[in-house]
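Chain residues, written in single-letter form:
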Amino acid sequence: MLLHQSYAPIILGKLGDRAKVLREKYSLHTLTIHPTCAPHSTERVLLIQSSSPEKIVACLDEIFTNISQNSYNEDDILYYDERLVF
Amino acid sequence: MAAPNRFQTRVSILAEKPSLTNEEIRLNSLLEQAQIYLNKVNHLQRVTKDHYLLQQSKTDAWSSHMYQKIDDLYKLCLNDLNQSCEQLKIFQRLMDSILSNEYEHNLDVNKLLAIAQEIRILKCLTYQLDLSKVKIDRNIKSGKCFESDEYDMSINDNNDHRNQNKATEGHSSANVICRILVHKDVFDEIKNLPLFQENVQITSDEIDETTPERVLIINSKYENKRIRYKDHFIFVLIDFRIVFLCRSKAFRSY
């Protein structure tokens, strides 16, 4: 998924502690956010991998509940457009 | 310093003899020369000492003059700084009285003129306030202009902050949009599904075939008071999970 870069610290937490909690809670193989933004954008890729799609969706539900309580500067939004890169 | 008397006595004794030997003449001559050189050394010593004393007195005079000058400059700077400080305090008291007066929130022409006059005085001072470091603690909200050239200004109070926070909260929950990055192959397999047609938008219909990925945006057209956007796209994802499960190979390779 593509998310605004300001959400990365909310999802990962300090030293990745929140991400670790989510991985253990939903038995995920992977939950990472790419360290850099997608080209020409302020969005970063959130990668979640699991053998169970239901657990991925449940994890996403919790993530979106957390990040919807925070806002970011609207002027800073630059959506990733795949046409500009390839 | 050599004693001249011993040499003078010796010379006078030798001069009293009627006939002198060659050695005595030579000795006499040497003694005279020694006397001359001694006098010269003494003279140079006196001259050097006088010169040193003169230089020393000049240096002392110069240093006390410098001390006095520095002292005067210090007093002048201190005076100017005190004056600037006093003027700033007057300006601060004026601004406090104008802006803090709870019965008078309006700035009329007279008050603005008073402020302008104080600012003019501040600009004439030797030491002036560094405006780049000045911070105004309150928000002043401009009001309407009157026909008689009076300008009505009022102070923004805390109520506006509460309203601003509410606006921010409302804005944040609408900001979160579900954007999924998928491989082109996955996109090609699901783009014709009714589920996709109803719930998903893409960046553009005109995308080069060589572009290996697509951005899918879960739309918010079903958002209403009973279903929030977040719940809506979670439902969509739940429906899509079956589709994605079938296409897991494409995901792994991506």
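Each residue is numbered by its place in its chain's sequence as written, counting from 1. Chains carry letters from A onward and ligands carry numbers from 1 onward, assigned in written order. Given that the model is predicted, a residue must reach a pLDDT of at least 70 before its local features are reported, and side-chain atom pairs must reach 80 or more before they are shown or counted; all residues, however, enter totals for whole chains, interfaces and linings. Hydrogens and water molecules were not included; the side-chain quantities draw on all heavy atoms of the structure.

### Regarding the overall build of chain A
Let me state the cut-off plainly: The helix and strand labels rest on DSSP assignments: H or I over at least four residues marks a helix, E over at least two residues marks a strand, and numbering proceeds from the N terminus. For every residue, the accessible area (1.4 Å probe, protein chains only) is compared with the maximum for its type, and the residue is labelled buried under 20%, exposed over 50%, or partly exposed between those bounds.
The number of helices and strands found in chain A is three helices and three strands. Reading chain A from its N end, one meets helices and strands in the order β-α-α-β-β-α. Counting only residues that meet the buried cut, chain A has 43% of its 86 residues in that class.

### Overview of the overall build of chain B
The line we're drawing: Note on definitions: a residue-residue contact is assigned when non-hydrogen atoms from the two residues lie within 4.5 Å. Accessibility throughout is a Shrake-Rupley quantity obtained with a 1.4 Å probe, and a residue counts as covered only by protein chains that appear here.
Scanning chain B for helices and strands turns up eight helices and five strands. Counting helices and strands in the order they occur from the N terminus, chain B gives α-α-α-β-β-α-β-α-α-β-β-α-α. Relative to its full complement of 254 residues, chain B shows a buried share of 22%. Pairs at least 24 residues apart make up 58% of the contacts formed inside chain B by residues separated by at least 6 positions. With an accessible surface of roughly 19,400 Å², chain B has 54% of that area assigned to carbon and sulfur atoms.

### A word on the packing of helix H2 (residues 22-100) of chain B against helix H3 (residues 109-124) of chain B
All names here are of chain B. Applied cut-off: Note on method: axes are straight lines fitted to C-alpha atoms, helices fitted across the in-contact stretch only, with angles between N-to-C directions ranging 0 to 180 degrees. An angle counts as roughly parallel when it lies under 35 degrees, as roughly antiparallel when it exceeds 145, as roughly perpendicular when it falls between 65 and 115, and as oblique in every other case. Helix crossings get a hand from a simple test, with the near helix turned counterclockwise from the far one by less than a right angle marking a left-handed crossing and a clockwise turn marking a right-handed one.
H3 packs onto H2 with a crossing angle of 165° between their chain directions and a minimal axis gap of 10 Å. By the angle between their directions, the pair H2 and H3 is classed as roughly antiparallel. Crossing geometry of H2 relative to H3 is assigned as left-handed. Along its contact with H2, which presents Gln 87, Leu 88, Ile 90, Phe 91, Leu 94, Met 95 and Ile 98, the element H3 presents Lys 111, Ala 114, Ile 115, Glu 118, Ile 119, Ile 121 and Leu 122.

### Thoughts on the nonpolar core
Threshold: For the purposes of this section, nonpolar cores are sets of buried Ala, Val, Leu, Ile, Met, Phe, Trp, Tyr and Cys residues that join through side-chain atoms within 4.5 Å.
If you look at the biggest cluster of nonpolar residues, it comprises 30 residues, and the most contacted ones within it are Leu31(A), Leu46(A), Ile48(A) and Ile63(A). For this core, the element with the most residues is helix H3 (residues 53-67) of chain A, which contributes six residues. Sequence-distant contacts of Ile48(A), that is, excluding residues within four places in its chain, are made with Leu28(A), Thr30(A), Leu31(A), Ile56(A), Cys59(A), Leu60(A) and Ile63(A). Judged by nonpolar contacts, the second largest core, of six residues, contains Ala38(A), Tyr80(A), Leu181(B) and Val215(B).

### So, the pairing of strand E3 (residues 179-183) of chain B
Residue and element names in this part refer to chain B. Let me state the cut-off plainly: What makes two strands pair is DSSP finding at least two bridges between them.
Burial analysis of E3 places five of its five residues in the buried class, which makes it a mostly covered element. Pairing geometry for E3 and strand E5 (residues 213-218), over five bridges, is antiparallel. The partner of Val 182 across the bridge, within E5, is Arg 214.

### Points about the pattern of salt bridges
Residue and element names in this part refer to chain A. Going by this rule: The rule for a salt bridge is simple: a side-chain nitrogen of Lys or Arg has to be within 4 Å of a carboxyl oxygen of Asp or Glu.
As enumerated under the stated definition, the model contains six salt bridges over all chains in all. For the salt bridge of Asp 81 with Arg 83, the shortest nitrogen-to-oxygen distance reads 2.7 Å. When its relative accessible area of 13% is taken as the criterion, Asp 81 is described as buried. The exposure class of Arg 83 is partly exposed, given its relative accessible area of 37%.

### Structural notes on the confidence of the model for chain B
Detail in the predicted coordinates should be disregarded across regions flagged by low pLDDT. Residues and elements named next belong to chain B. Defined as follows: Every residue is assigned a pLDDT by the predictor, reflecting its confidence on a scale from 0 to 100.
Summarising the model, chain B shows a mean pLDDT of 71, and 57% of its residues fall at 70 or more. Averaged pLDDT values for the elements of chain B fall to 40 in helix H4 (residues 159-175) and rise to 91 in H2. A low-confidence stretch, residues 143-174 stays under pLDDT 50, and its non-local contacts, those more than four residues away or across chains, total 33 contacts. For the stretch residues 246-254, pLDDT sits under 50, and the model shows nine contacts to residues farther than four places along the chain or on other chains. Among the scores for the predicted complex, ipTM is 0.86 and pTM is 0.44.

### Describing unusual backbone geometry
All names here are of chain A. A positive phi angle, near 50°, is found at Ser 27, a position not held by glycine. The residue Ser 27 is located in the loop between helix H2 (17-26) and strand E2 (30-33) in this model. Unlike most non-glycine residues, His 40 shows phi in positive territory, near 55°. One can find His 40 in the loop between E2 and strand E3 (43-49).

### Here we look at the pairing of E3(A)
In regular strands, side chains alternate between the two faces of the sheet. Residue and element names in this part refer to chain A. As paired elements, strand E1 (residues 2-4) and E3 share three bridges and run antiparallel to each other. Looking across to E3, one finds that Leu 2 is bridged to Val 45. Inspection of the sheet shows E2 paired to E3 by four bridges, in the antiparallel sense. Along E3, the bridge assignment pairs Thr 30 with Gln 49.

### Description of H3(A)
All names here are of chain A. Condition: To estimate how far a helix should extend, the number of its residues minus one is multiplied by 1.5 Å. Note: the arc covers the axis-to-C-beta directions of the helix.
In this model, H3 (15 residues) spans 21 Å end to end at C-alpha, consistent with the 21 Å of a helix rising 1.5 Å per residue. Along H3, the residues that are buried comprise Pro 53, Ile 56, Val 57, Cys 59, Leu 60, Ile 63, Phe 64 and Ile 67. Each buried residue of H3 sits inside an arc of 160° when the element is viewed along its axis, so together they form one side.

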